[in-house]
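As a plain string of letters, each chain reads:
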Amino acid sequence: MNISGKARAHTNIALIKYWGKANEDLIIPMNNSLSVTLDKFYTETKVTFSPEYTKDTLILNGQEVNEEQAKKIYKFMDIVRERGNTSLHAYIDSVNYVPTAAGLASSASAYAALAAACNEALDLNMSDTDLSRLARRGSGSASRSIFGGFAEWEKGYDDKTSYAHSIDAQNWEDDLSMIFVVINNQSKKVSSRSGMSHTRDTSRFYQYWLDHVDEDIASVKQAIKQKDFKHLGEVIEENGLRMHATNLGAQPPFSYLVPESYEVMEIVHQCRKAGFPCYFTMDAGPNVKILVEKKNQQFILDALLKSFNKEQVIASDITHTGIEIIE
């Protein structure tokens, strides 16, 4: 008998970054991180388990993924089988509703949706905390995509203590949005995984980064509580730049940023000077994300569109919605 489950999860953007693992296998991070979950970008995944299947099969956006590319999924499904006390293999049909040009990694929404779909199919009755732990084993940032709005990933020290939880923002998310400036949607020369480990092991700036993350987390949570957009923005901007500075201190040094990344930062500075507060952040890539209050969104979009074409500039609301089960 076949058993199925289908779920939707939204991607998230880290405002306080996760950069470096303390445990590579369990994906335990070196520091706590904090994110917002986005309305516009999500993954829908259906999982069907059957005794007729002799191996796991992954269909991504209508195309079967080859075995080499699917190795991480196979490893994750072995963890699911262990949790569910089953030997059944699965047919996984996943669709990423992320614009191809967005240059936005979908691993967070992908593994969160996969974890939730497996939970539904196997009737595991996992709590959101349990789902966050499970999703983390596929992709660290997926632990945060179980939740809508603002979410914090507690680094913990083992599988049980490392998970995310939501942060009550009293609906402040409704007033905020995020603008993506897509500079390059090509594969990165240095993957996030490689960049993290290289920086952790060799950067003379890395300890400084770790020494300030807890302070950043506390500041952001206070800003959320007080709905202080200026303070929130200043802290996340500094945190993002500090993360990228660790890469420049690595041996040998490297950078994800390109001249156009700095051009966007300058546009953000000019918008602030003009009286329209907005703040940038960057992950492991050249693309820039800008946090802005909705009331000022159009001014920022107009400013960006003077230098970038409309396909490169994408705005998204922040969603309260976490994991959704699709019937």
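Notes on the structure in this doc start here.

Cut-offs used in this document
Residues numbered from 1 in each chain as written. Predicted model: local features only at pLDDT ≥ 70, side-chain atom pairs only at ≥ 80, totals over all residues. Heavy atoms only, no water. Salt bridge = Lys/Arg side-chain N within 4 Å of Asp/Glu carboxyl O. Helix = DSSP H or I, 4+ residues; strand = E, 2+ residues; numbered from the N terminus. Buried < 20%, exposed > 50% of the residue type's maximum accessible area, 1.4 Å probe, protein only. Pairing = 2+ DSSP bridges. Axes fitted to C-alpha atoms, helices over the stretch in contact; angles between N-to-C directions. Contact = heavy atoms within 4.5 Å. Phe/Tyr/Trp six-rings, centres within 6.5 Å; stacked < 30°, edge-to-face > 60°. Core = buried A, V, L, I, M, F, W, Y, C linked by side-chain atoms within 4.5 Å. Expected span 1.5 Å × (residues − 1). Arc of directions from axis to C-beta.

**A few points about the pattern of salt bridges**
It is possible for side chains bearing opposite charge to pair when their charged atoms get close. Summed over all chains, the structure comprises 19 salt bridges. Among the salt bridges present, the one from Glu-67 reaches Lys-55, with a minimum N-O distance of 3.9 Å. Residue Glu-67 is located in the loop between strand 6 (63-64) and helix 1 (71-84), and its partner Lys-55 is located in the loop between strand 4 (33-50) and strand 5 (57-60); the two are separated by 12 residues in the primary sequence. Residue classification places Glu-67 among the partly exposed residues on the basis of a relative accessible area of 46%.

**Quick notes on the sheet that holds strand 11 (residues 278-281)**
In space, the 4 strands of this open sheet follow the order 11-12-10-13, with antiparallel pairing throughout. The open sheet is flanked by strand 11 and strand 13 (313-317), the only strands paired with a single partner. Along the sheet, successive strands turn relative to each other by an average axial angle of 25°, direction set aside. Against the sheet, helix 6 (residues 229-248) touches strand 10 (176-181), strand 11 and strand 12 (288-293), its axis set at about 25° to strand 11. This element, helix 7 (residues 259-273), spans strand 10, strand 11 and strand 12 of the sheet and lies at about 160° to strand 11.

**Considerations on the packing of aromatic side chains**
Summed over the entire model, instances satisfying the criterion amount to 10 aromatic pairs. On the numbers, 6.2 Å between centres and 80° between planes, the contact of Trp-19 with Tyr-256 is edge-to-face. Linking Trp-19 in the loop between strand 1 (3-16) and strand 2 (21-23) with Tyr-256 in the loop between helix 6 and helix 7, this pair joins segments that are 237 residues apart in sequence. Among the residues examined, Trp-19 registers a relative accessible area of 2% and is labelled buried. Judged by centre distance (6.4 Å) and plane angle (40°), the ring pair of Tyr-53 and Tyr-91 falls under tilted. You can see Tyr-53 sitting in the loop between strand 4 and strand 5 and its partner Tyr-91 sitting in strand 7 (residues 89-97), a full 38 residues away along the chain. Residue Tyr-53 is classed as partly exposed on the basis of its relative accessible area, which comes to 27%. Since its relative accessible area comes to 34%, Tyr-91 is described here as partly exposed.

**Overview of the nonpolar core**
Judged by nonpolar contacts, the single largest core of 77 residues is most densely connected at Leu-34, Phe-49, Met-77, Leu-114, Phe-150 and Ile-224. In contact with Phe-49, other than residues within four places in its own chain, are Met-1, Asn-2, Ile-3, Met-77, Val-80, Leu-88, His-89, Ala-90, Cys-118, Ala-121 and Leu-122. Listed in part, the 22 residues of the second largest apolar core include Ile-183, Ile-267, Ile-300 and Leu-301.

**So, helix 7**
Its 15 residues give helix 7 an end-to-end C-alpha distance of 21 Å, which sits within 8% of 21 Å, the value for a rise of 1.5 Å per residue. Within the sequence span of helix 7, burial applies to Ser-261, Val-264, Met-265, Ile-267, Val-268 and Cys-271. Down the axis of helix 7, the buried side of the element spans an arc of 155°, and every buried residue falls inside it. Relative to its buried face, helix 7 has exposed residues pointing more than 90 degrees away, namely Pro-259 and Lys-273. In this structure, the buried side of helix 7 is in contact with strand 10, helix 6, strand 11, strand 12 and helix 8 (297-304).

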